Amino acid sequence: MINLFLLLVDIGTMYGVFLILSASMELEYGELGIPNFGKVMFFAAGAFAVGALAVRLGTWLAGIQWQGEFKTKSILYSTAVSNYFATHPLQALLVFAVTLVVAAVFGAILGIVASYPAIRLREDYLAITLIAAGELFRIFGRNYDPFIGGTMGVGVPDILAWMPPGTKEAGYIALSLSFAAASWLILYRLSTSPFGRALRAIRDEELAAATLGKDIVKYRMKVLALGSAMAAVAGVIYAYYMGSVLADDFNPLKTFLVVLMVVLGGSGNPYGTLVGVAVYIFLDRTLALLKHYIILPFDINYAAMLFFGVILLLVLMYRPEGIIPERPLLTIRAKFCRTKEGKLEKRLCK
Amino acid sequence: MIDPNILLDALVYSNMLALLSLSLTLTIMTLKVANFAHGDLAIIGVYGAYTFIVIAGLATYLTMPLAFLFGGIYAVLCYLLIYSPLRRRGANFVMLMIASMAIDIATRALLQIYADLLKFNFKVYSRAFIFNDFTANILGVQVRGLVLVSSLSVIALLALLYILLMKTKFGVAMRAAIENPALAEVLGINVEKVYATSWFLAGGFAGIAGFFLPFRIPTSPDLGFIILLPIFAASILGGINSLSGAVVGGYIVGFSEILGTYLLSQPPINLSTAYRPAIPFTILIITLLLLPQGIASLWSRGD
Amino acid sequence: MVDDPLLRTVDLEKHFGGVKALDGVSIEVEPAKVTMLIGPNGSGKTTLINVVGGALRPDGGKVLYRDEDITYLPPHERYRRGIVRTFQVPKPFRSLSVLENLLVASRAGLDTSAAKILLSTDWAKKEEELIEKAFRILELLNIDHLWDTRADQLSGGQMKLLEMGRALMSEPSLLLLDEPVAGVNPTLAHDIMSHIVKLRDEIGLTFLIVEHRLDITLQYVDRVYAMHQGRVISHGTPEEVMSDPKVVEAYLGD
Ligand SMILES: Nc1ncnc2c1ncn2[C@@H]1O[C@H](COP(=O)(O)OP(=O)(O)OP(=O)(O)O)[C@@H](O)[C@H]1O
Ligand SMILES: [Mg+2]
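All of the points below concern the structure found in this document. It should be emphasised that the depicted structure is a prediction, and the values quoted were computed from it without experimental measurement. (Residues numbered from 1 in each chain as written. Chains lettered and ligands numbered in written order. Predicted model: local features only at pLDDT ≥ 70, side-chain atom pairs only at ≥ 80, totals over all residues. Heavy atoms only, no water.)

### Quick word on the overall build of chain B
Tallying secondary structure elements over chain B gives 13 helices and 2 strands in all. Against the globule reference of 19 Å for 303 residues, chain B gives a C-alpha radius of gyration of 19 Å, in line with a compact fold. With the principal axes as the frame, chain B shows a C-alpha extent of 60 × 50 × 40 Å. In chain B, which comprises 303 residues, the share counted as buried stands at 57%. Within chain B, contacts between residues separated by at least 24 positions form 76% of all contacts whose residues are at least 6 apart in sequence. (Helix = DSSP H or I, 4+ residues; strand = E, 2+ residues; numbered from the N terminus. Rg over C-alpha atoms; globule rule 2.2 N^0.38 Å. Buried < 20%, exposed > 50% of the residue type's maximum accessible area, 1.4 Å probe, protein only. Contact = heavy atoms within 4.5 Å.)

### Some remarks on the site of ligand 1
Residue and element names in this part refer to chain C. In the vicinity of ligand 1 lie 13 residues, with N41, K45, T46, T47 and H212 positioned nearest. At 2.8 Å from an oxygen atom of ligand 1 is found a main-chain nitrogen or oxygen belonging to G42. G44 is positioned with one of its backbone polar atoms (N or O) 3.0 Å from an oxygen atom of ligand 1. Within the complex, 62% of the 630 Å² of free accessible area of ligand 1 lies under protein. Within the residue set of the shell around ligand 1, elements represented by two or more residues are β2 (19-25) and α1 (45-53). At 3 residues, α1 tops the list of elements feeding residues into the shell around ligand 1. Partitioned by chemical class, the residues of the shell around ligand 1 number 3 nonpolar, 8 polar and 2 charged. (Near = heavy atom within 4 Å. Polar contact = N/O pair within 3.5 Å; in protein donor to acceptor, adjacent residues only side chain to side chain. Areas by Shrake-Rupley, 256 points an atom, 1.4 Å probe, with all protein chains shown as cover. Nonpolar A, V, L, I, M, F, W, Y, C, P; charged D, E, K, R; others polar.)

### Digging into the coordination of the magnesium ion (ligand 2)
Residue and element names in this part refer to chain C. For the magnesium ion (ligand 2), the full set of protein donor atoms is T46 (OG1) and Q88 (OE1), and the range of their distances to it is 1.8 to 2.1 Å. Taken together, the residues span a long stretch of sequence, with T46 in helix α1 and Q88 in the loop between β7 (83-85) and α3 (98-105) at a distance of 42 residues. Q88 sits in the partly exposed class, given a relative accessible area of 32%. (Donors = N, O, S within 2.8 Å, 3.2 Å for Na, K, Ca; no water.)

### Re the nonpolar core
Membership of the largest hydrophobic core comes to 286 residues, with the highest contact counts inside it found for F48(A) and Y240(A). Sequence-distant contacts of Y240(A), defined by excluding residues within four places in its chain, comprise V50(A), A54(A), V95(A), F96(A), T99(A), V156(A), P157(A), I159(A) and Y172(A). Residues L12(C), I27(C), V51(C) and L176(C) belong to the second largest nonpolar core, which totals 22 residues. (Core = buried A, V, L, I, M, F, W, Y, C linked by side-chain atoms within 4.5 Å.)

### Focus: the interface of chain C and chain A
Contact with chain C, which involves 42 residues of that partner, is made by 37 residues of chain A. Counting each side, the surface lost to burial between chain C and chain A is near 3,800 Å², with a carbon and sulfur contribution of 63%. Inspection of the chain C/chain A interface yields 12 residue pairs in polar contact (both at pLDDT 80 or more). Of all elements in the fold, only α2 (75-80), β7, α3, α4 (114-119) and α5 (122-140) of chain C reach the threshold of two or more residues within the side of chain C that touches chain A. By residue class, the composition of the side of chain C that touches chain A is 21 nonpolar, 8 polar and 13 charged. (Buried area = accessible area lost by both parts, 1.4 Å probe.)

### Some words on helix α3 (residues 70-87) of chain A
Residues and elements named next belong to chain A. In this model α3 runs 25 Å from its N-terminal to its C-terminal C-alpha over 18 residues, within 8% of the 26 Å that 1.5 Å per residue would give. Taking the largest bend as the criterion, α3 deviates by roughly 30 degrees, centred on L76. Considered for burial, the residues of α3 that qualify are F70, S74, Y77, S78, V81, S82, Y84 and F85. (Expected span 1.5 Å × (residues − 1). Bend = angle between axes of the 7 residues up to and from the residue.)

### Side note on empty space enclosed by the protein
One pass over the full model with this rule turns up 5 cavities of 30 Å³ or more. Reported here for the largest cavity is a volume of approximately 70 Å³. Along its surface, the largest cavity is lined by I131(A), P252(A), F256(A), F36(B), M101(B), D104(B), I105(B), R108(B), F225(B) and L228(B). Within the residue set of the lining of the largest cavity, elements represented by two or more residues are α11 (252-265) of chain A together with α4 (93-122) of chain B. For the lining of the largest cavity, the per-class residue count stands at 8 nonpolar, no polar and 2 charged. (1 Å grid on protein atoms, 1.4 Å probe; cavity = no way out; pocket = protein on both sides within 12 Å on 5 of 7 lines; lining within 4 Å. Points joined across faces, edges and corners; volume = space filled by probe spheres on them.)

### Some remarks on the packing of α11(A) against helix α13 (residues 300-318) of chain A
Each pair of packed helices can be described by the angle between their axes along with the distance between the axes. Residue and element names in this part refer to chain A. For the pair α11 and α13, the least separation of the axes is 10 Å and the interaxial angle reads 40 degrees. For the pair α11 and α13, the sense of crossing is left-handed. On α13, the residues that touch L253, F256, L260, V263 and L264 of α11 are M305, F308, G309, I311, L312, V315 and L316. Here the residues of the contact of α11 with α13 are counted per class, giving 11 nonpolar, 1 polar and no charged. (Axes fitted to C-alpha atoms, helices over the stretch in contact; angles between N-to-C directions. Left-handed = near helix turned anticlockwise from the far one by under 90°.)

### Concerning the sheet that holds strand β8 (residues 174-178) of chain C
All names here are of chain C. On the basis of which strands lie adjacent, the open sheet formed by 6 strands has the order β7-β8-β9-β4-β10-β11 and mixed pairing. At either margin of the open sheet sits one strand with a lone partner, and together these are β7 and β11 (231-236). On average, each strand axis in the sheet is inclined to that of its neighbour by 15 degrees, with strand direction left out of account. Examined bridge by bridge, β7 and β8 share 3 bridges and lie parallel to one another. Within β8, the position partnered with R85 by the bridge is L176. Across the sheet, helix α10 (residues 245-252) is in contact with β4 (34-38), β10 (223-228) and β11; its angle to β11 comes to roughly 135 degrees. (Pairing = 2+ DSSP bridges.)

### A look at the interface of chain A and chain B
The partner chain B presents 44 residues to the 41 residues of chain A that form the contact. Between chain A and chain B lies a buried interface of about 3,800 Å² when both sides are counted; carbon and sulfur atoms form 84% of it. Taken together, chain A and chain B are joined by 0 salt bridges. Applying the counting criterion to the chain A and chain B interface returns 4 residue pairs in polar contact (both at pLDDT 80 or more). (Salt bridge = Lys/Arg side-chain N within 4 Å of Asp/Glu carboxyl O.)

### Regarding the packing of helix α1 (residues 4-31) of chain A against helix α8 (residues 194-204) of chain A
Residue and element names in this part refer to chain A. Following both chains from N to C, one finds α1 and α8 inclined at 50 degrees, their axes separated by 8 Å at the closest point. Accordingly, the angle class assigned to the pair α1 and α8 is oblique. Only G196, L199, R200 and R203 of α8 make contact with α1, whose side of the interface consists of L27, Y29, G30 and E31. Of the residues belonging to the contact of α1 with α8, the class tally is 3 nonpolar, 2 polar and 3 charged. (Parallel < 35°, antiparallel > 145°, perpendicular 65-115°, else oblique.)

### Brief notes about the packing of aromatic side chains
Evaluation of the coordinates by the stated rule reveals 43 aromatic pairs over all chains. Seen in terms of ring centroids, F48(A) and F250(A) are 5.4 Å apart; in terms of plane orientation they differ by 80 degrees. Their pairing is edge-to-face. With F48(A) in helix α2 (residues 39-62) and F250(A) in the loop between β2 (244-245) and α11, the pair connects residues that are 202 residues apart, well separated along the chain. For the residue pair F48(A) and F250(A), the accessibility class agrees, reading buried in each case. Among the aromatic side chains, those forming a connected cluster through ring pairs are Y47(B), Y50(B), Y61(B), Y114(B), F129(B), F131(B), F134(B), F211(B), F212(B) and F215(B). (Phe/Tyr/Trp six-rings, centres within 6.5 Å; stacked < 30°, edge-to-face > 60°.)

### With respect to the side chain of T219(B)
Its location among the elements puts T219(B) in the loop between α8 (191-216) and α9 (223-226). Aside from chain neighbours lying at most four places away, what touches T219(B) is V46(B), Y47(B), R127(B), A128(B), F129(B), L213(B) and P214(B).

### Focus on the pattern of salt bridges
In total, this model carries 38 salt bridges over all chains according to the counting rule given. With a closest N to O distance of 2.7 Å, R197(A) and E127(C) form a salt bridge. A residue pair is termed interchain when its members come from two chains, as with R197(A) in helix α8 and E127(C) in helix α5. The salt bridge involving D249(A) is made with K254(A); its shortest N-O contact spans 3.2 Å. By relative accessible area, which is 15% here, K254(A) ends up buried. Within this structure, E31(A), R200(A), R203(A), D204(A) and E326(A) form a network of salt bridges that share partners.

### Regarding the pairing of strand β2 (residues 141-144) of chain B
Residues and elements named next belong to chain B. Bridge count for strand β1 (residues 135-138) against β2 is 4 bridges, and the pairing is antiparallel. Residue T135 lies in a different strand from β2, and its bridge partner there is R144. Remark: 2 residues form the turn of the hairpin made by β1 and β2, two consecutive strands paired antiparallel; L139 in that turn has positive phi of roughly 50 degrees.

Written out as structure tokens, the structure is:
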């Protein structure tokens, strides 16, 4: 039988991870109009940073002597570090904090690098460039063993090992959802502020925005840096939750799923991401459950992929604005209203 | 110094890439947006051919026209059922791009399911399959059949396309519809039909290229995505709007990739061949930075 | 001429393939004056605005603003120096409301720092003032009732007014207006021209205006440049230019 508790943990944590990713995609694509087809690269940046650092930092803090190859021994040592963390919560949090900061900074730097082509290239050239860069990053992860264990993957110590059994899982949900909430609030606040207004202006009419004083290069750089840092944070949480990092997990399908969530929910509206991620997770889990009940002459995972591809096509065709369409944004102007006589009055009207 | 077999392999690979980048360019010229499912058309073609080889027992090379047909039909369906209606509904550039990404995901899933069904129903290898080749003796030198067949195919298909575009009424209509669709419509050209035909041809060319794949490497449903990068590198190097540029781009990328991978994997560098995609990626980046109009701009003005 | 010119172009050249859109164009725009650019269709007026506004790089020549060479500055740098232009074919931010379109243009720079917006609420106060100001401009242009309408729902004439509104919102010192009253009803067109004159007189704004509707606009302007096939063929006061046989010929020969 399926463990309902673990199922909920999985749903909650993955909702958080994908919400962070979708929020970053919404900021870049929905608000600024850059379709970041390299999203998985920035997600991987966070996860790879954890994979490369967490177990090394952990063994160093615990004073464990490393013997043997990183590739073959990382799983073993990450278990040892987890045991150490079980009695040393501060050290565990320290490792988490350090890897989080490193990952976010790494993500932001990669984002700034990506903004260089993003400023200069047509969207489709940019897309293929970012997809290819992401693939090379994955190939590097898979082939250079000392980085994240190559094809074997790398073990990631359990930073919540010190929590009593049963609460630990709730801890991961809390961790994931609190970072997701923070990311979404950042998105929401920016989206409904003069900053978001400038982004949409650039998205709608680049030349007019530049003429009215917007430094487009700078906005793209800022947004890609922020969006990529967010994606890297999602990667950090994902890596700790999974307990290992495997390079091949970070393939372009992940980018596709994030695009699906943003478009399905409604790009240009921060609420859209909340819904888009929920709908995806619901469908995905339902399909996963079905796996236990129906037998097909082919792998049901492929059916799921086909299903999601077709869903995205149907959305593009019949409801391109998504479930929750974009609305003119509300900054402080929500407080303004016109009276019948046509006078401007300050009160809430929306 | 370099083993002639590697040069011949590079030729075969480049033949394939030239067909793919040519056909990608053809679709981009009509739709004005990059099709990220283009590599998959090749795989559709080769799975179509493979099915007839293992089930109907056809001789391998006889199924080449089938690869053309399968690739072409799938491409037309993509165009008529998805791209064209999307564009009529006012989808913008980025939405078409996202649609092509969705088509790629769905197509690869379809191919995977098909591969599972093929194996389940007919108990044949349906992934990582290869085609056996014959060898020809030319002036005492043993040459793989694929070297001859792929080279002759490229020459024949290019000649065919050239005649079609330059010497027939349809070619005039096609060039007009690509140049200025609104004007062509006014002149009584059925732009939709012309575009659909272009997609059929593009899909067919891709299918033929796909047919060559299993002679070189084990072929699986995901291969279409893996070859996407070199195809784009070749097309962009060629100037994305130039058919001749796309062909030349295909040969440059193809030879660079094969020879570069080979040389880098030799001592003293000993780089893993897994980094092979780095070569087309580098070509892509350098082109975009230094020659954004592609090499075709060196010999022509935006034709 | 008493004042140094605010804007000067020196031998500007711009080619599109074989077409010489600008063929050695040198003009001077004096401060606190309304200068008009006229000429038949395709004579290069918009191209000149594009080059001065930074949307196009010229193939030769210079653009000097307050004696500074700004030929290759990007548009947002020119905005910073006070140069703002409107577009002949309106370019509204289509998914923003009319009011927001104006707010985008504001010089307050509330949008520049993501960190500030996340960490404080100071911007909200300033935003209220900007909204009041935007409404005054919308009232002037007679589109205040449309403040909450998405820009892509506007009619062509309303979009032109929105262009104008954004430009006024940006507190420029030099305004480049590409056919500001095209498609606007005559009464409102006169109102707009009067307002332009008022801005010139009251706060010393400088205008470079491209217009075909000479019947309405000519009476409001101080100086006129006439262009034909990428060249300036005449300049001076409106009377001088309109009586210049070369100008008459250019219009008739077209
Ligand atoms: N982006 C461009 N590409 C190619 N040719 C252009 C471009 N912009 C302008 N031209 C050409 O340059 C010439 C001058 O055009 P411009 O738009 O400056 O004329 P104009 O004086 O503004 O005309 P109108 O009164 O019709 O607005 C025309 O021949 C036009 O076709
Ligand atoms: Mg003009």
